[in-house]
Amino acid sequence: MKKLALTGIAALTIISCTTTSSTTQNTSQNKTVGDNISDNQLMDKVQKDALKYFWDYAEPNSKLGRERYHEDNIYPDNDKHVITTGGSGFGLATILVGVERGFIPRKEAVKRLTKMMDFLAKADRHKGAWSHWINGETGKTVPFGKKDNGGDLVETAFLTTGIIQVREYFKNGNAEEKALAKKCDELWKGIQWNWYTKGGEKVLYWHWSPEYQWEMNFPLQGYNECLITYILAASSPTFSIDAETYEKGWTRNGTYLSDREKYGLPMFVKHNGAEEYGGPLFWAHYSYIGLDPTNLSDKLIKNYFDLNKNQVLIDYKYCVENPKQWKGYGENYWGLTAGYSRNKDGGVGYDAHFPQNDHGVITPTAALSSFPYTPKESMDFLRFMYTQKPEFIGSAGPYDATSIHYDNWTTPRYLAIDQGTIAPMIENYRTGFLWKLFMNAPEIQQGLKKLSFKSEKYNIK
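None of the values given here were measured: they were computed from a predicted structure.

Sorry, what's going on with the overall build of the protein here?
Looking only at helices and strands, the protein features 14 helices and 15 strands. The C-alpha atoms of the protein give a radius of gyration of 20 Å, which matches the 23 Å a tight globule of 461 residues would have. Dimensions of the protein, computed from C-alpha atoms along their principal axes, come out at roughly 55 × 50 × 45 Å. In the protein, buried positions account for 64% of the 461 residues. Within the protein, contacts between residues at least 6 apart in sequence are counted, and of these 69% link residues at least 24 apart. When the accessible surface of the protein is summed, it comes to about 16300 Å², and 46% of that surface belongs to carbon and sulfur atoms. Positive and negative side-chain charges in the protein, numbering 54 and 53 respectively, have mean positions lying 4 Å apart.

This is the structure in C-alpha coordinates:
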(Lines give C-alpha, C1' and ligand atoms only; values in the text may rest on other atoms or scores of the structure.)
Protein backbone atom coordinates (compact mmCIF):
# COMPACT_ATOMS: atom_id res chain seq x y z
CA MET A 1 0.00 0.00 0.00
CA LYS A 2 1.58 3.25 -1.09
CA LYS A 3 2.09 6.09 1.36
CA LEU A 4 1.41 8.83 -1.14
CA ALA A 5 3.04 12.07 -0.06
CA LEU A 6 0.89 14.23 -2.27
CA THR A 7 1.15 17.99 -2.40
CA GLY A 8 -2.22 17.88 -0.68
CA ILE A 9 -2.67 14.78 1.45
CA ALA A 10 -6.39 15.00 0.85
CA ALA A 11 -5.66 13.67 -2.61
CA LEU A 12 -4.54 10.36 -1.13
CA THR A 13 -6.06 7.42 -2.90
CA ILE A 14 -8.13 5.44 -0.45
CA ILE A 15 -8.29 1.76 -1.19
CA SER A 16 -11.22 0.21 0.59
CA CYS A 17 -12.08 -3.38 1.24
CA THR A 18 -15.43 -4.70 2.33
CA THR A 19 -14.14 -7.25 4.79
CA THR A 20 -15.17 -6.87 8.40
CA SER A 21 -12.69 -7.20 11.22
CA SER A 22 -11.85 -10.27 13.21
CA THR A 23 -9.70 -10.96 16.22
CA THR A 24 -10.11 -14.71 16.38
CA GLN A 25 -6.90 -15.69 14.59
CA ASN A 26 -3.76 -16.93 16.34
CA THR A 27 -5.32 -17.00 19.75
CA SER A 28 -2.17 -18.57 21.15
CA GLN A 29 -0.35 -15.36 20.25
CA ASN A 30 -2.95 -13.14 21.86
CA LYS A 31 -1.62 -13.39 25.39
CA THR A 32 -0.63 -10.55 27.60
CA VAL A 33 2.90 -10.57 28.90
CA GLY A 34 3.59 -10.10 32.58
CA ASP A 35 3.73 -6.59 34.01
CA ASN A 36 7.20 -7.36 35.35
CA ILE A 37 8.68 -7.75 31.86
CA SER A 38 11.64 -5.41 31.42
CA ASP A 39 11.88 -2.68 28.81
CA ASN A 40 14.66 -4.56 27.02
CA GLN A 41 12.62 -7.76 26.97
CA LEU A 42 9.67 -5.87 25.54
CA MET A 43 11.81 -4.34 22.79
CA ASP A 44 13.25 -7.78 22.01
CA LYS A 45 9.76 -9.22 21.79
CA VAL A 46 8.30 -6.65 19.43
CA GLN A 47 11.42 -6.78 17.25
CA LYS A 48 11.18 -10.56 17.03
CA ASP A 49 7.46 -10.36 16.26
CA ALA A 50 7.96 -7.79 13.48
CA LEU A 51 10.77 -9.93 12.03
CA LYS A 52 8.30 -12.76 11.48
CA TYR A 53 6.59 -10.72 8.77
CA PHE A 54 9.71 -10.84 6.62
CA TRP A 55 11.12 -14.18 7.75
CA ASP A 56 8.17 -16.50 8.37
CA TYR A 57 5.61 -14.86 6.10
CA ALA A 58 7.78 -13.70 3.20
CA GLU A 59 6.59 -14.30 -0.35
CA PRO A 60 7.64 -17.95 -0.93
CA ASN A 61 9.44 -17.64 -4.27
CA SER A 62 11.32 -14.34 -4.06
CA LYS A 63 11.58 -14.33 -0.24
CA LEU A 64 10.93 -10.57 -0.40
CA GLY A 65 8.27 -8.78 1.61
CA ARG A 66 4.68 -9.27 0.59
CA GLU A 67 2.71 -6.08 0.18
CA ARG A 68 0.35 -7.42 2.85
CA TYR A 69 -0.05 -10.45 5.08
CA HIS A 70 -3.54 -11.30 6.27
CA GLU A 71 -3.96 -13.78 9.10
CA ASP A 72 -7.55 -14.33 7.98
CA ASN A 73 -6.20 -15.38 4.54
CA ILE A 74 -8.71 -13.09 2.85
CA TYR A 75 -7.13 -11.13 0.01
CA PRO A 76 -9.87 -9.14 -1.76
CA ASP A 77 -7.54 -8.17 -4.61
CA ASN A 78 -5.98 -11.63 -4.99
CA ASP A 79 -2.57 -10.10 -4.29
CA LYS A 80 -1.06 -12.58 -1.85
CA HIS A 81 1.88 -13.06 -4.23
CA VAL A 82 2.57 -9.34 -4.80
CA ILE A 83 5.74 -8.00 -3.20
CA THR A 84 6.38 -4.36 -2.36
CA THR A 85 9.67 -2.70 -3.19
CA GLY A 86 9.90 -0.18 -0.36
CA GLY A 87 8.57 -2.56 2.28
CA SER A 88 11.12 -5.13 1.13
CA GLY A 89 13.86 -2.58 1.76
CA PHE A 90 12.64 -2.18 5.32
CA GLY A 91 12.52 -5.96 5.47
CA LEU A 92 16.21 -6.17 4.58
CA ALA A 93 16.99 -3.87 7.49
CA THR A 94 14.73 -5.95 9.74
CA ILE A 95 16.56 -9.15 8.79
CA LEU A 96 19.90 -7.51 9.60
CA VAL A 97 18.54 -6.63 13.04
CA GLY A 98 17.53 -10.27 13.41
CA VAL A 99 21.05 -11.43 12.56
CA GLU A 100 22.77 -8.86 14.76
CA ARG A 101 20.60 -9.77 17.76
CA GLY A 102 20.89 -13.51 17.19
CA PHE A 103 17.20 -13.97 16.42
CA ILE A 104 18.04 -15.78 13.16
CA PRO A 105 21.19 -17.65 12.08
CA ARG A 106 23.67 -15.57 10.11
CA LYS A 107 24.34 -18.33 7.57
CA GLU A 108 20.64 -18.82 6.84
CA ALA A 109 20.20 -15.07 6.47
CA VAL A 110 23.05 -14.90 3.94
CA LYS A 111 21.48 -17.69 1.91
CA ARG A 112 18.09 -16.02 1.90
CA LEU A 113 19.43 -12.54 1.19
CA THR A 114 21.40 -13.93 -1.74
CA LYS A 115 18.19 -15.39 -3.17
CA MET A 116 16.49 -12.03 -2.74
CA MET A 117 19.27 -10.17 -4.57
CA ASP A 118 19.21 -12.71 -7.40
CA PHE A 119 15.47 -12.18 -7.76
CA LEU A 120 15.84 -8.40 -7.85
CA ALA A 121 18.58 -8.67 -10.49
CA LYS A 122 16.21 -10.54 -12.81
CA ALA A 123 13.04 -8.59 -11.99
CA ASP A 124 11.72 -5.88 -14.28
CA ARG A 125 13.61 -2.62 -13.98
CA HIS A 126 12.88 0.73 -15.54
CA LYS A 127 16.08 2.67 -16.15
CA GLY A 128 17.45 0.74 -13.19
CA ALA A 129 14.56 1.51 -10.85
CA TRP A 130 12.08 -1.11 -9.71
CA SER A 131 8.32 -0.73 -9.81
CA HIS A 132 6.27 -0.17 -6.67
CA TRP A 133 4.78 -3.67 -6.89
CA ILE A 134 6.39 -6.78 -8.37
CA ASN A 135 4.93 -10.21 -9.00
CA GLY A 136 6.85 -12.38 -6.53
CA GLU A 137 6.42 -15.44 -8.72
CA THR A 138 7.57 -13.94 -12.04
CA GLY A 139 9.49 -10.74 -11.31
CA LYS A 140 7.18 -8.78 -13.61
CA THR A 141 5.90 -5.30 -12.82
CA VAL A 142 2.47 -5.21 -11.23
CA PRO A 143 0.84 -1.83 -11.97
CA PHE A 144 0.03 0.22 -8.90
CA GLY A 145 -2.34 2.20 -11.10
CA LYS A 146 -2.99 2.41 -14.83
CA LYS A 147 -0.16 4.84 -15.54
CA ASP A 148 1.90 3.82 -12.51
CA ASN A 149 3.28 0.77 -14.28
CA GLY A 150 6.97 1.59 -14.49
CA GLY A 151 9.76 2.76 -12.25
CA ASP A 152 8.99 4.09 -8.79
CA LEU A 153 12.02 6.07 -7.64
CA VAL A 154 10.87 6.59 -4.05
CA GLU A 155 10.10 2.92 -3.41
CA THR A 156 13.40 2.12 -5.12
CA ALA A 157 15.15 4.46 -2.67
CA PHE A 158 13.67 2.67 0.34
CA LEU A 159 14.77 -0.65 -1.13
CA THR A 160 18.22 0.70 -1.94
CA THR A 161 18.79 1.82 1.64
CA GLY A 162 18.36 -1.80 2.69
CA ILE A 163 20.56 -3.07 -0.12
CA ILE A 164 23.40 -0.74 0.90
CA GLN A 165 23.03 -1.77 4.54
CA VAL A 166 23.26 -5.46 3.56
CA ARG A 167 26.37 -4.72 1.49
CA GLU A 168 28.04 -2.85 4.32
CA TYR A 169 27.21 -5.53 6.87
CA PHE A 170 28.64 -8.44 4.89
CA LYS A 171 31.35 -6.87 2.70
CA ASN A 172 34.23 -8.00 4.92
CA GLY A 173 32.82 -11.45 5.70
CA ASN A 174 33.49 -14.93 4.33
CA ALA A 175 33.37 -15.83 0.63
CA GLU A 176 29.58 -16.22 0.55
CA GLU A 177 29.08 -12.95 2.37
CA LYS A 178 31.45 -11.09 0.08
CA ALA A 179 29.61 -12.52 -2.94
CA LEU A 180 26.33 -11.26 -1.47
CA ALA A 181 27.84 -7.82 -0.92
CA LYS A 182 29.03 -7.75 -4.55
CA LYS A 183 25.50 -8.51 -5.78
CA CYS A 184 24.18 -5.66 -3.64
CA ASP A 185 26.82 -3.30 -5.02
CA GLU A 186 25.90 -4.12 -8.61
CA LEU A 187 22.19 -3.59 -7.99
CA TRP A 188 22.82 -0.20 -6.37
CA LYS A 189 25.09 0.99 -9.16
CA GLY A 190 22.54 0.05 -11.84
CA ILE A 191 19.92 2.60 -10.77
CA GLN A 192 19.76 5.56 -13.17
CA TRP A 193 18.79 8.26 -10.69
CA ASN A 194 19.58 11.13 -13.05
CA TRP A 195 17.17 9.75 -15.67
CA TYR A 196 14.37 10.67 -13.29
CA THR A 197 15.10 14.39 -13.75
CA LYS A 198 13.08 14.24 -16.96
CA GLY A 199 15.90 15.29 -19.21
CA GLY A 200 17.85 17.46 -16.80
CA GLU A 201 15.23 19.42 -14.89
CA LYS A 202 16.44 20.46 -11.45
CA VAL A 203 14.06 18.15 -9.62
CA LEU A 204 13.55 14.39 -9.31
CA TYR A 205 10.34 12.76 -10.51
CA TRP A 206 8.68 9.89 -8.69
CA HIS A 207 7.59 7.81 -11.73
CA TRP A 208 8.61 6.89 -15.23
CA SER A 209 6.84 4.35 -17.42
CA PRO A 210 8.00 2.88 -20.74
CA GLU A 211 4.38 3.06 -21.87
CA TYR A 212 3.23 6.37 -20.36
CA GLN A 213 6.59 8.10 -20.01
CA TRP A 214 6.25 11.06 -17.60
CA GLU A 215 2.46 11.29 -17.54
CA MET A 216 2.30 10.65 -13.78
CA ASN A 217 4.15 13.99 -13.49
CA PHE A 218 4.93 13.86 -9.76
CA PRO A 219 7.98 15.98 -8.84
CA LEU A 220 9.61 15.22 -5.49
CA GLN A 221 9.49 18.48 -3.56
CA GLY A 222 9.71 18.69 0.22
CA TYR A 223 8.74 18.12 2.85
CA ASN A 224 7.48 14.52 3.07
CA GLU A 225 9.04 11.06 3.29
CA CYS A 226 11.18 11.37 0.16
CA LEU A 227 14.39 13.00 1.43
CA ILE A 228 16.35 9.74 1.17
CA THR A 229 15.68 9.66 -2.58
CA TYR A 230 17.75 12.82 -3.05
CA ILE A 231 20.48 11.58 -0.71
CA LEU A 232 20.88 8.37 -2.70
CA ALA A 233 20.64 10.12 -6.06
CA ALA A 234 23.43 12.49 -5.03
CA SER A 235 25.49 9.59 -3.67
CA SER A 236 25.31 7.38 -6.75
CA PRO A 237 28.78 6.68 -8.19
CA THR A 238 27.27 5.97 -11.62
CA PHE A 239 24.14 8.08 -12.23
CA SER A 240 24.37 11.00 -9.83
CA ILE A 241 22.48 14.28 -9.54
CA ASP A 242 24.05 17.60 -8.57
CA ALA A 243 23.47 19.76 -5.51
CA GLU A 244 21.40 22.24 -7.50
CA THR A 245 18.79 19.55 -8.14
CA TYR A 246 18.45 19.01 -4.41
CA GLU A 247 18.24 22.71 -3.64
CA LYS A 248 15.85 23.72 -6.42
CA GLY A 249 13.83 20.51 -6.30
CA TRP A 250 13.60 19.17 -2.77
CA THR A 251 13.88 22.45 -0.83
CA ARG A 252 11.89 24.44 -3.41
CA ASN A 253 14.73 26.97 -3.50
CA GLY A 254 14.58 27.13 0.28
CA THR A 255 10.91 28.05 0.37
CA TYR A 256 9.94 24.85 2.21
CA LEU A 257 11.05 26.35 5.51
CA SER A 258 8.41 27.22 8.09
CA ASP A 259 8.29 29.55 11.09
CA ARG A 260 5.15 27.90 12.49
CA GLU A 261 4.87 26.26 15.88
CA LYS A 262 2.38 23.85 17.42
CA TYR A 263 2.18 23.20 21.17
CA GLY A 264 5.18 25.51 21.40
CA LEU A 265 7.27 23.21 19.16
CA PRO A 266 8.83 24.64 15.97
CA MET A 267 7.87 22.85 12.76
CA PHE A 268 11.02 23.99 10.86
CA VAL A 269 9.59 22.93 7.48
CA LYS A 270 6.27 23.04 5.67
CA HIS A 271 4.84 19.54 5.66
CA ASN A 272 3.16 19.07 2.30
CA GLY A 273 -0.57 19.41 2.84
CA ALA A 274 -0.21 19.27 6.62
CA GLU A 275 1.41 22.51 7.68
CA GLU A 276 -0.48 22.96 10.97
CA TYR A 277 0.37 19.69 12.77
CA GLY A 278 2.74 17.90 10.41
CA GLY A 279 2.11 14.87 8.26
CA PRO A 280 1.61 11.19 9.04
CA LEU A 281 4.40 9.89 11.27
CA PHE A 282 5.94 7.70 8.60
CA TRP A 283 7.52 10.92 7.35
CA ALA A 284 9.79 10.73 10.41
CA HIS A 285 10.63 7.07 9.75
CA TYR A 286 11.08 6.05 6.11
CA SER A 287 14.07 8.21 5.18
CA TYR A 288 15.65 7.62 8.57
CA ILE A 289 16.01 3.84 8.54
CA GLY A 290 19.54 4.57 7.33
CA LEU A 291 19.94 8.34 7.42
CA ASP A 292 20.91 9.25 10.98
CA PRO A 293 19.24 12.57 11.85
CA THR A 294 21.21 12.98 15.09
CA ASN A 295 22.85 16.43 14.90
CA LEU A 296 22.59 16.18 11.11
CA SER A 297 22.40 19.55 9.39
CA ASP A 298 22.47 21.09 5.94
CA LYS A 299 22.34 24.68 4.65
CA LEU A 300 18.74 25.16 5.82
CA ILE A 301 18.06 22.70 8.67
CA LYS A 302 20.14 22.97 11.85
CA ASN A 303 19.21 19.58 13.26
CA TYR A 304 17.09 16.96 11.51
CA PHE A 305 16.63 15.11 14.77
CA ASP A 306 14.81 18.11 16.24
CA LEU A 307 12.66 18.34 13.11
CA ASN A 308 11.56 14.72 13.46
CA LYS A 309 11.25 14.76 17.23
CA ASN A 310 8.99 17.78 17.11
CA GLN A 311 6.77 16.20 14.47
CA VAL A 312 6.34 13.11 16.64
CA LEU A 313 5.77 15.13 19.82
CA ILE A 314 3.14 17.27 18.10
CA ASP A 315 1.32 14.09 17.07
CA TYR A 316 1.65 12.74 20.60
CA LYS A 317 0.40 15.96 22.22
CA TYR A 318 -2.51 16.08 19.80
CA CYS A 319 -3.54 12.54 20.79
CA VAL A 320 -3.23 13.38 24.49
CA GLU A 321 -5.25 16.56 23.99
CA ASN A 322 -7.73 14.45 22.00
CA PRO A 323 -9.94 17.25 20.69
CA LYS A 324 -12.33 14.79 19.03
CA GLN A 325 -12.77 12.87 22.29
CA TRP A 326 -11.93 9.41 20.98
CA LYS A 327 -12.08 6.75 23.68
CA GLY A 328 -8.68 5.41 24.66
CA TYR A 329 -6.48 8.19 23.27
CA GLY A 330 -3.86 9.27 25.76
CA GLU A 331 -0.30 8.91 26.99
CA ASN A 332 -0.31 5.12 26.46
CA TYR A 333 -2.30 5.03 23.22
CA TRP A 334 -1.29 7.41 20.47
CA GLY A 335 0.23 7.63 17.00
CA LEU A 336 -1.28 8.62 13.66
CA THR A 337 0.12 7.45 10.35
CA ALA A 338 -0.94 5.83 7.09
CA GLY A 339 -2.17 2.24 7.06
CA TYR A 340 -5.25 0.13 7.25
CA SER A 341 -8.25 1.93 8.67
CA ARG A 342 -11.83 1.44 9.77
CA ASN A 343 -14.49 2.43 7.25
CA LYS A 344 -17.71 4.03 8.47
CA ASP A 345 -19.50 0.71 7.92
CA GLY A 346 -16.99 -1.11 10.14
CA GLY A 347 -15.13 -2.67 7.23
CA VAL A 348 -11.42 -2.40 6.50
CA GLY A 349 -10.08 0.42 4.35
CA TYR A 350 -6.90 2.43 4.02
CA ASP A 351 -6.18 6.01 5.02
CA ALA A 352 -3.37 8.41 5.83
CA HIS A 353 -4.07 9.34 9.45
CA PHE A 354 -2.63 12.54 10.89
CA PRO A 355 -4.12 15.15 13.22
CA GLN A 356 -6.10 16.86 10.47
CA ASN A 357 -7.36 13.48 9.23
CA ASP A 358 -8.06 11.65 12.49
CA HIS A 359 -10.74 8.96 12.52
CA GLY A 360 -10.13 7.34 15.90
CA VAL A 361 -7.74 4.74 14.51
CA ILE A 362 -4.29 4.28 16.04
CA THR A 363 -1.61 2.58 13.94
CA PRO A 364 0.93 0.89 16.25
CA THR A 365 3.89 1.43 13.93
CA ALA A 366 3.53 5.18 14.46
CA ALA A 367 4.60 5.14 18.11
CA LEU A 368 6.81 2.04 17.89
CA SER A 369 8.89 3.37 14.99
CA SER A 370 9.32 6.69 16.80
CA PHE A 371 11.49 5.23 19.58
CA PRO A 372 14.58 7.28 18.65
CA TYR A 373 12.64 10.52 19.11
CA THR A 374 10.27 9.73 21.97
CA PRO A 375 11.68 6.76 23.91
CA LYS A 376 9.50 7.21 27.00
CA GLU A 377 6.26 7.84 25.13
CA SER A 378 6.98 4.98 22.72
CA MET A 379 7.82 2.61 25.57
CA ASP A 380 4.59 3.54 27.34
CA PHE A 381 2.72 2.61 24.17
CA LEU A 382 4.66 -0.63 23.70
CA ARG A 383 4.06 -1.72 27.29
CA PHE A 384 0.35 -0.88 27.07
CA MET A 385 -0.02 -2.90 23.86
CA TYR A 386 1.62 -6.06 25.17
CA THR A 387 0.36 -5.99 28.74
CA GLN A 388 -3.14 -4.56 28.35
CA LYS A 389 -4.36 -5.13 24.78
CA PRO A 390 -3.85 -8.79 23.79
CA GLU A 391 -6.61 -8.47 21.19
CA PHE A 392 -4.40 -6.04 19.28
CA ILE A 393 -1.47 -8.48 19.03
CA GLY A 394 -1.16 -11.15 16.36
CA SER A 395 1.46 -13.49 15.00
CA ALA A 396 3.71 -10.69 13.67
CA GLY A 397 3.25 -8.19 16.47
CA PRO A 398 0.60 -5.51 16.86
CA TYR A 399 -1.94 -5.50 14.05
CA ASP A 400 -1.74 -2.70 11.52
CA ALA A 401 -4.83 -0.78 12.70
CA THR A 402 -6.56 -0.53 16.08
CA SER A 403 -9.33 1.45 17.72
CA ILE A 404 -10.31 1.37 21.37
CA HIS A 405 -13.10 3.84 20.56
CA TYR A 406 -14.88 1.36 18.31
CA ASP A 407 -15.08 -1.41 20.91
CA ASN A 408 -11.46 -2.52 20.53
CA TRP A 409 -11.80 -2.85 16.78
CA THR A 410 -8.85 -4.21 14.85
CA THR A 411 -8.14 -6.18 11.73
CA PRO A 412 -5.94 -9.30 11.65
CA ARG A 413 -3.78 -7.86 8.90
CA TYR A 414 -0.36 -6.37 8.33
CA LEU A 415 1.32 -4.17 5.72
CA ALA A 416 5.02 -4.55 4.94
CA ILE A 417 5.70 -0.85 4.82
CA ASP A 418 4.30 -0.42 8.35
CA GLN A 419 5.64 -3.55 10.02
CA GLY A 420 9.02 -3.04 8.36
CA THR A 421 10.00 0.14 10.19
CA ILE A 422 9.42 -1.20 13.72
CA ALA A 423 12.49 -3.37 14.32
CA PRO A 424 14.92 -1.06 12.46
CA MET A 425 13.89 2.14 14.21
CA ILE A 426 13.84 0.48 17.63
CA GLU A 427 17.33 -0.84 16.89
CA ASN A 428 18.52 2.59 15.84
CA TYR A 429 17.31 3.82 19.22
CA ARG A 430 18.99 0.95 21.06
CA THR A 431 22.37 0.82 19.32
CA GLY A 432 22.37 2.99 16.16
CA PHE A 433 23.24 -0.22 14.29
CA LEU A 434 21.57 0.52 10.94
CA TRP A 435 22.45 4.19 11.04
CA LYS A 436 26.13 3.30 11.39
CA LEU A 437 26.02 0.90 8.44
CA PHE A 438 24.42 3.42 6.11
CA MET A 439 26.15 6.61 7.23
CA ASN A 440 29.60 5.05 7.00
CA ALA A 441 29.12 3.79 3.45
CA PRO A 442 31.72 5.66 1.34
CA GLU A 443 29.31 6.82 -1.36
CA ILE A 444 26.81 8.09 1.20
CA GLN A 445 29.53 10.12 2.89
CA GLN A 446 30.44 11.72 -0.43
CA GLY A 447 26.82 12.34 -1.40
CA LEU A 448 26.03 14.05 1.89
CA LYS A 449 29.09 16.27 1.53
CA LYS A 450 28.02 17.16 -2.01
CA LEU A 451 24.68 18.38 -0.64
CA SER A 452 26.40 20.33 2.18
CA PHE A 453 25.21 18.05 4.95
CA LYS A 454 27.27 18.00 8.11
CA SER A 455 27.54 15.43 10.88
CA GLU A 456 30.30 15.42 13.48
CA LYS A 457 29.17 11.94 14.49
CA TYR A 458 30.28 10.55 11.12
CA ASN A 459 33.00 13.11 10.37
CA ILE A 460 30.99 14.68 7.55
CA LYS A 461 32.12 18.30 7.24
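Having seen the model, we can carry on.
Help me understand helix 5 (residues 175–189), please; the structure alone is not making it clear to me.
Owing to its 3.6 residues per turn, the α-helix brings residues three or four apart onto one side. The terminal C-alpha atoms of helix 5, which comprises 15 residues, lie 21 Å apart, in line with the 21 Å expected from a rise of 1.5 Å per residue. Along helix 5, the residues that are buried comprise Glu177, Leu180, Ala181, Cys184, Asp185, Leu187 and Trp188. Along helix 5, the residues classed as buried sweep out an arc of 165 degrees about the axis, all on the same side. Of the residues in helix 5, the exposed ones pointing more than 90 degrees away from the buried face are Ala175 and Lys182. Contacts from the buried residues of helix 5 go to helix 3 (106–122), helix 4 (153–170), helix 6 (227–235) and helix 14 (442–450). The N-terminus of helix 5 is capped by asparagine 174, whose side-chain oxygen sits 3.1 Å from the backbone nitrogen of glutamate 176.

Before we go on, may I ask you to explain helix 4 in this structure?
Here helix 4 contains 18 residues, and its C-alpha end-to-end distance of 25 Å stays within 8% of the 26 Å for a straight helix at 1.5 Å per residue. For helix 4, a buried count of 18 out of 18 residues is recorded, marking the element as mostly surrounded by other parts of the structure. Its side-chain oxygen placed 3.2 Å from the backbone nitrogen of valine 154, aspartate 152 serves as the N-cap of helix 4.

When you look at the sheet that holds strand 4 (residues 141–142) in this model, what are you seeing that I'm missing?
Sheet strands pair by backbone hydrogen bonding; their relative direction is either parallel or antiparallel. As summarised here, the arrangement of the three strands in space is 2-3-4, forming an open sheet in which the pairing is antiparallel. Edge strands, defined here as strands with exactly one partner in the open sheet, are strand 2 (82–84) and strand 4. Summarising the sheet, strand 3 (residues 133–135) and strand 4 pair through two bridges and their orientation is antiparallel. Its bridge partner lying in strand 4, tryptophan 133 is registered against valine 142.

Conventions we followed
- Residues numbered from 1 in each chain as written.
- Predicted model: local features only at pLDDT ≥ 70, side-chain atom pairs only at ≥ 80, totals over all residues.
- Heavy atoms only, no water.
- Helix = DSSP H or I, 4+ residues; strand = E, 2+ residues; numbered from the N terminus.
- Rg over C-alpha atoms; globule rule 2.2 N^0.38 Å.
- Buried < 20%, exposed > 50% of the residue type's maximum accessible area, 1.4 Å probe, protein only.
- Contact = heavy atoms within 4.5 Å.
- Areas by Shrake-Rupley, 256 points an atom, 1.4 Å probe, with all protein chains shown as cover.
- Lys, Arg positive; Asp, Glu negative; His and termini not counted.
- Charge placed at Lys NZ, Arg CZ, Asp CG, Glu CD.
- Expected span 1.5 Å × (residues − 1).
- Arc of directions from axis to C-beta.
- Polar contact = N/O pair within 3.5 Å; in protein donor to acceptor, adjacent residues only side chain to side chain.
- Pairing = 2+ DSSP bridges.

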